[in-house]
Amino acid sequence: MKKYTFAALLFAASLFVVSAANGAELTLPVNIESVGKLKYKVSAKAGATVVIYDEENNEIHKEGIASQKLFNLAGLSDGNYRMVVLDDHKNVLTSKSFTIKTEVKRDIVAMN
């Protein structure tokens, strides 16, 4: 009887460990990380969609990603933007707002 009780407890514990591991897979970290001027690396679970909106909330780019994708935003005009990561059910996983502003520098050089 003790053998069966021990075996049942061991089996239940192994199911818990497998269940916890599967739960960890479902909650992979979702991240939008700046990796240089006008570049963002998006990390998410396969099946996620990245959408970029302009300041008037117009969708200007939409793309599915496998796990990681580098977005180079150098082609965008000056303005305010928002990057949103959606799961496969269109739920927002994370978002990040950013501003693109061209900086013009002028120098004066004295010439004799």
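This is a predicted model, so every value here is computed, not measured. (Residues numbered from 1 in each chain as written. Predicted model: local features only at pLDDT ≥ 70, side-chain atom pairs only at ≥ 80, totals over all residues. Heavy atoms only, no water.)

## Some remarks on the packing of aromatic side chains
Okay, so step 1: Counted by the stated rule, this structure contains 2 aromatic pairs.
Okay, so step 2: Between tyrosine 81 and phenylalanine 98, the aromatic rings sit 5.7 Å apart at their centres with planes inclined by 20°, giving stacked as the arrangement. A residue pair is termed long-range when its members are at least 10 positions apart, and tyrosine 81 in strand 6 (residues 79-86) and phenylalanine 98 in strand 7 (residues 92-100) qualify at 17 residues.
Okay, so step 3: A relative accessible area of 10% means that tyrosine 81 is categorised as buried.
Okay, so step 4: In this structure phenylalanine 98 comes out as buried when scored by relative accessible area, which is 8%. (Phe/Tyr/Trp six-rings, centres within 6.5 Å; stacked < 30°, edge-to-face > 60°. Helix = DSSP H or I, 4+ residues; strand = E, 2+ residues; numbered from the N terminus. Buried < 20%, exposed > 50% of the residue type's maximum accessible area, 1.4 Å probe, protein only.)

## Looking at the pattern of salt bridges
Okay, so step 1: Inspection of the entire model under this criterion finds 3 salt bridges.
Okay, so step 2: Glutamate 33 serves as the salt-bridge partner of lysine 41, at 4.0 Å between the closest nitrogen and oxygen.
Okay, so step 3: Under the relative-accessibility criterion, lysine 41 is labelled partly exposed at 27%.
Okay, so step 4: Here glutamate 33 falls in the partly exposed class, since its relative accessible area comes to 35%. (Salt bridge = Lys/Arg side-chain N within 4 Å of Asp/Glu carboxyl O.)

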